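Close look at the chain arrangement
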Amino acid sequence: MKPRERALEIVSALQTAGHTALWAGGCVRDALLNKQPKDYDVATSATPDEVEAVFGANKTLAIGKSFGVITVLGPKSAGPVEVATFRRDGDYSDGRRPDSVEFTDAKEDALRRDFTINGMFFDPVAEKVIDYVGGQEDLKAKQIRAIGKAKERIDEDKLRMLRAVRFAATYEFAIEAETLSAIQENANQISAVSPERIGNELRRMLSHRNKATAFELLVESGLWSEIGPSQSQRPDPVERDQLRGSLDRLQSDDFSVVVAALCQRDDGLPEKLKSVWRLTNDEVEKAQWLLKALPVIEQAQGLAWSQLQPWLISKHADEGVQLVEALAPGEFDASLARCRESLTLKPETLNPPLLLDGKSLVAMGVQPGRHFKRLIDQARAMQLDGTLSTREQATEWANRALAEGGDESDAAN
Ligand code: ATP
Ligand code: MG
């Protein structure tokens, strides 16, 4: 069963039991935009107890019951659907979540939502849009507009500033003037929002093909100077154009690659951004690797193969090449061509088996120790650069290097 069918079934069941029940919020917006909704949320006049009564205790979860949400379980293929009782939010004394909720009607439930395009309902049985907030008009005009007084709505919940930017960037909408100036006025309050929620929004808008627009809007709204990497928090117009252009050219939408592009060649920055953007260890490591790989890829043309090859065998090499293309278009064409060509080599050509390894050294009667790794590394470099081409040659070379007094570094040169 498709999620849509299940969400329709749930609305029908509630309506049959005498309640008002509608699809609400993001799924209505997406359906009107002809986009596949991520999930369907149902809003209803039924109280949580009444929702439980309609679907039965073993088909419902009460995790969100205290704020009026019952999760209705369904077939695996459709997944669970959240059914929320129409509510009005109480005061937001902490600017994050309402102090209390009160159950109410559909209209008031629409008014507590953030933006007009997110504040519509759809009755899937009658196939009718129910729009108390002018969401349809703003969808047509392609704009993000706060419901009610923008200043107050943003004051209530500062996360809405980032949500506005995310919806505007990913849907290619404008932020309506009053809403934008309310964001600009409140941008310095964004730190009231937890790093998890900030990181989640940034990840969603920046690991997206419209990441350049997201960056532009973050700067324009004043949010970037609060949560961007320190070096580029107040980019001058030239830097801003450069960063925007880089993101625009960057093919990869992987978050680590985007983070690397925003770090302006400072490989210490990903670690500093880690706590602010809640990056994972893997994301930090990947961004650091990419920033370290940049100068290598840019100079690839002039490097010995043994210097370049260890970077190209990384699983991130392809994205490293994309990063250089995006950051410095046209500047390193010969190096990029060499890298790209090398990356098309068969795996066994790009990264052939070692001619000299630990096993072969043990077989030669060499005692394991520090010099092991040095011998193996030197033999590997000579192999990659074409000085050694068979195992026999490699063994012979190692024997000679050992005989010449143990200073293998001379033997390799
Ligand atoms: P998406 O799921 O694509 O991020 P969405 O609009 O469905 O978009 P959700 O976070 O799933 O976003 O929230 C569902 C609905 O709840 C929204 O459409 C909106 O009506 C309301 N909503 C969500 N977050 C807020 C908020 N911070 N302030 C006010 N209303 C909100
Ligand atoms: Mg949603």
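Every chain's residues receive numbers from 1 upward, in the order its sequence appears when written. Just so you know, chain letters begin at A and ligand numbers begin at 1, following the order they were written in. Only residues with pLDDT of at least 70 get local features here, since the model is predicted, and only at 80 or more are side-chain atom pairs given and counted; chain-wide, interface and lining totals rely on the full set of residues. The side-chain values count all of the structure's non-hydrogen atoms but skip hydrogen atoms and water molecules.

In this section: the sheet that holds strand β9 (residues 128-130). The strand order across the open sheet formed by 7 strands is β3-β4-β5-β2-β1-β8-β9, and the pairing between neighbours is mixed. Because the sheet does not close on itself, it has two edges, and the strands there are β3 (60-61) and β9. Two strands are counted as paired when DSSP detects at least two bridges linking them. Numbered from the N terminus, helices here are DSSP runs of H or I no shorter than four residues, and strands are runs of E no shorter than two. In this sheet, strand β5 (residues 81-85) lies alongside strand β4 (residues 69-72) in antiparallel orientation, the contact comprising 4 bridges. Note on β5: the bridge partner recorded for Val 72 is Val 81. The contact criterion used is simple: two residues touch if any of their non-hydrogen atoms lie within 4.5 Å. Helix axes use the C-alpha atoms of the stretch in contact, all axes being lines fitted to C-alpha atoms, and the angles between their N-to-C directions lie in the range 0 to 180 degrees. Each of β1 (21-24), β2 (41-44), β4, β5 and β8 (121-123) touches helix α1 (residues 3-16); the most contacted strand, β1, lies at about 150° to it. Packing of helix α3 (residues 48-55) onto the sheet brings it into contact with β2, β3, β4 and β5, and relative to β4 it is tilted by some 15°.

Bringing helix α7 (residues 159-171) into the picture now. Here the expected span of a helix is defined as 1.5 Å times the quantity of residues minus one. When the terminal C-alpha atoms of α7 are compared, their 18 Å separation across 13 residues agrees well with the 18 Å that a helix rising 1.5 Å per residue should span. Buried, partly exposed and exposed residues are distinguished by accessible area as a fraction of the type maximum, computed with a 1.4 Å probe on protein chains only: under 20%, between the cut-offs, and over 50%, respectively. The buried fraction of α7 amounts to 12 of the 13 residues, a majority that puts the element mostly inside the structure. When we look at burial in α7, the residues that qualify are Leu 159, Arg 160, Met 161, Leu 162, Ala 164, Val 165, Arg 166, Phe 167, Ala 168, Ala 169, Thr 170 and Tyr 171. Positive backbone phi, at 60°, marks Glu 172, one or two positions downstream of α7.

Across the chain, the average pLDDT comes to 93, with 95% of residues at 70 or higher. Per-residue confidence from the prediction method is given by pLDDT, with values spanning 0 to 100. Below pLDDT 50 for its whole length, residues 407-413 participates in 15 contacts with residues either more than four positions away or in separate chains.

Within the element layout of this structure, Met 364 appears in the loop between α20 (358-363) and α21 (370-384). Note: C-alpha distance between Met 364 and Asn 399 (35 residues apart in sequence) is 8.1 Å.

Residues in close proximity to ligand 1 total 15 residues, the closest being Arg 29, Lys 38, Asn 118, Asp 157 and Arg 160. Side-chain atoms alone can form a polar contact between residues adjacent in sequence; in general such a contact is a pair of N or O atoms within 3.5 Å, and within protein one must be able to donate a hydrogen while the other accepts it. A distance of 3.2 Å separates a nitrogen atom of ligand 1 from a polar backbone atom of Asp 114. Residue exposure ignores everything except the shown protein chains as possible cover, and the areas themselves are Shrake-Rupley values with a 1.4 Å probe. Isolated, ligand 1 exposes 580 Å² of accessible area, and the fraction of that covered by the protein chains is 79%. The pocket occupied by ligand 1, as judged from atoms lying within 2 Å of grid points, is the largest pocket. The element best represented in the shell around ligand 1 is α7, accounting for 4 residues. Here the residues of the shell around ligand 1 are counted per class, giving 1 nonpolar, 3 polar and 11 charged. Proximity is defined per residue: if any heavy atom of the residue lies within 4 Å of a molecule or strand, that residue is considered near it. A cavity here means a set of 1 Å grid points, computed over protein atoms only, where a 1.4 Å probe fits but cannot escape. A pocket is an open set with protein on both sides within 12 Å along at least 5 of 7 lines, and lining residues have an atom within 4 Å of a point. Occupancy of a cavity or pocket is assigned to a molecule whenever over half of its atoms lie within 2 Å of that pocket's grid points. Each residue is assigned to one of three groups, with Ala, Val, Leu, Ile, Met, Phe, Trp, Tyr, Cys and Pro labelled nonpolar, Asp, Glu, Lys and Arg labelled charged, and all others, Gly among them, labelled polar.

Moving on, we get to the pairing of β2. Pairing of β1 with β2, which is carried by 3 bridges, proceeds in the antiparallel orientation. Looking across to β2, one finds that Leu 22 is bridged to Ala 43. Pairing analysis gives 4 bridges linking β2 to β5, with the strands arranged parallel. The residue bridging Asp 41 from the neighbouring strand is Glu 82, located in β5.

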